[in-house]
Structure formats: C-alpha cells, structure tokens
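What the coordinates show
Here are the chains, one letter per residue:
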Amino acid sequence: MQDEPVKFKVNQLTDTGNNITLLLTEDVELESVSQQQMMLEAVDRAVVDKEVKEQIRPILEALLRSQPQTVVRSYAQTSIQITLPRRRYEKIGRPQVGERLIIDIKKV
C-alpha cells in the first residue's frame, strides 16, 4: 500500500530576510455538521430502546428547531509550520498565501 502525499494550503507567510516561515494547514474538504444533527445522533447512540427513542426524538427535534443552528467541522485539520532558507523557498516556486503544496511526510 502506497500512501498518498498530503496537500497543504499556505495560510501565512513570514519573510525574515534570510529565512521564510510558512504556516500550512491540511487542504481537505470538510464536512459541515449542524449541532442539531450531532445531538440527534448522540441520542440515537445513547438510547438503545426503540420505543423510548421514538418518544424522545420528536421533542428534541422541536426544541432544536427553535435554536439557532451552528455548523461544526467534523474533521480536525493538521497544521504545520516550516522555516526554510530563502534559496530553498525560491526553488519550490515561491508559494504565496492561498496556494497549495504537496508534502510527503513519512517515517524512514
């Protein structure tokens, strides 16, 4: 099995003259999940009795509908910070904020 390299997005670039520091976050599609959906799923997992679920769920749905919905990200992104000499930064094409890089991290 061959691991695929991970794509990162440049979020911040700091130029100190001799060195460049890149703050990168994993570039992944994040699934948005509402708090309502998360709470209903938690009740489904916690309550095993089908009859009790059928009684609780409509009440919970009614309560949650009246509340503002907050979207939660279901995947925690990996972030890394790399400091490299200006010459190496220029060799990799001088990536700017918003651009994407492929980084292959493996244990050797």
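Before any of the text, the structure's been laid out above.
Let us look at the structure shown here. Owing to the predicted nature of the structure, the values given are computational and were not obtained by experimental measurement.

1. Here's the deal with the overall build of the protein
The number of helices and strands found in the protein is three helices and six strands. For the protein, the α and β elements follow one another from N to C terminus as β-β-β-α-α-β-β-α-β. When each of the 108 residues of the protein is scored for burial, the buried share is 19%. Pairs at least 24 residues apart make up 70% of the contacts formed inside the protein by residues separated by at least 6 positions.

2. What to know about helix H1 (residues 35–46)
Since the α-helix turns once every 3.6 residues, residues separated by three or four places project in the same direction. Here H1 spans 16 Å end to end across 12 residues, near enough to the 16 Å set by a 1.5 Å rise per residue. Every buried residue of H1 is listed here: Gln36, Leu40 and Val43. Projected down its long axis, H1 carries its buried residues within an arc of 60 degrees, all on one side. When the buried face of H1 is taken as reference, the exposed residues oriented beyond 90 degrees from it are Arg45 and Ala46.

3. Focus: the pairing of strand E2 (residues 19–26)
With six of eight residues buried, E2 is to be regarded as a mostly interior element. Taken together, the seven bridges between strand E1 (residues 6–15) and E2 define a ladder with antiparallel strand orientation. In the sheet register, Gln12 faces E2, and the bridge partner there is Leu23. Connecting E1 to the antiparallel partner E2 that follows it, the hairpin turn spans three residues, and Gly17 within it adopts a positive phi of roughly 105 degrees.

4. A closer look at the sheet that holds strand E6 (residues 100–103)
Taken together, four strands build an open sheet; the order of strands is E5-E2-E1-E6 and the sheet is antiparallel. Both edges of this open sheet fall to strand E5 (79–85) and E6, since each of them pairs with a single strand only. The mean inter-strand angle of the sheet, taken between neighbouring strand axes irrespective of direction, is 40 degrees. Sheet topology note: the E2/E5 ladder contains seven bridges and is antiparallel. In the strand pairing of E5, Leu23 is matched with Gln81.

5. Describing the packing of H1 against helix H2 (residues 50–65)
At a minimum axis distance of 11 Å, the contact between H1 and H2 shows a crossing angle of 165 degrees. Classified by the interaxial angle, the pair formed by H1 and H2 is roughly antiparallel. At the point where H1 passes H2, the crossing takes the right-handed sense. Contact residues: H1 offers Gln36, Met39, Leu40, Val43 and Asp44, while H2 offers Lys53, Ile56, Arg57, Leu60, Glu61 and Leu64. Its residues assigned to classes, the contact of H1 with H2 comprises six nonpolar, one polar and four charged.

6. Points about unusual backbone geometry
Residue Arg94 is not a glycine yet carries a positive backbone phi of 50 degrees. Considering the arrangement of structural elements, one finds Arg94 in the loop between helix H3 (86–91) and E6.

Rules used throughout
Residues numbered from 1 in each chain as written. Predicted model: local features only at pLDDT ≥ 70, side-chain atom pairs only at ≥ 80, totals over all residues. Heavy atoms only, no water. Helix = DSSP H or I, 4+ residues; strand = E, 2+ residues; numbered from the N terminus. Buried < 20%, exposed > 50% of the residue type's maximum accessible area, 1.4 Å probe, protein only. Contact = heavy atoms within 4.5 Å. Expected span 1.5 Å × (residues − 1). Arc of directions from axis to C-beta. Pairing = 2+ DSSP bridges. Axes fitted to C-alpha atoms, helices over the stretch in contact; angles between N-to-C directions. Parallel < 35°, antiparallel > 145°, perpendicular 65-115°, else oblique. Left-handed = near helix turned anticlockwise from the far one by under 90°. Nonpolar A, V, L, I, M, F, W, Y, C, P; charged D, E, K, R; others polar.

Read these as geometric descriptors, not functional statements.
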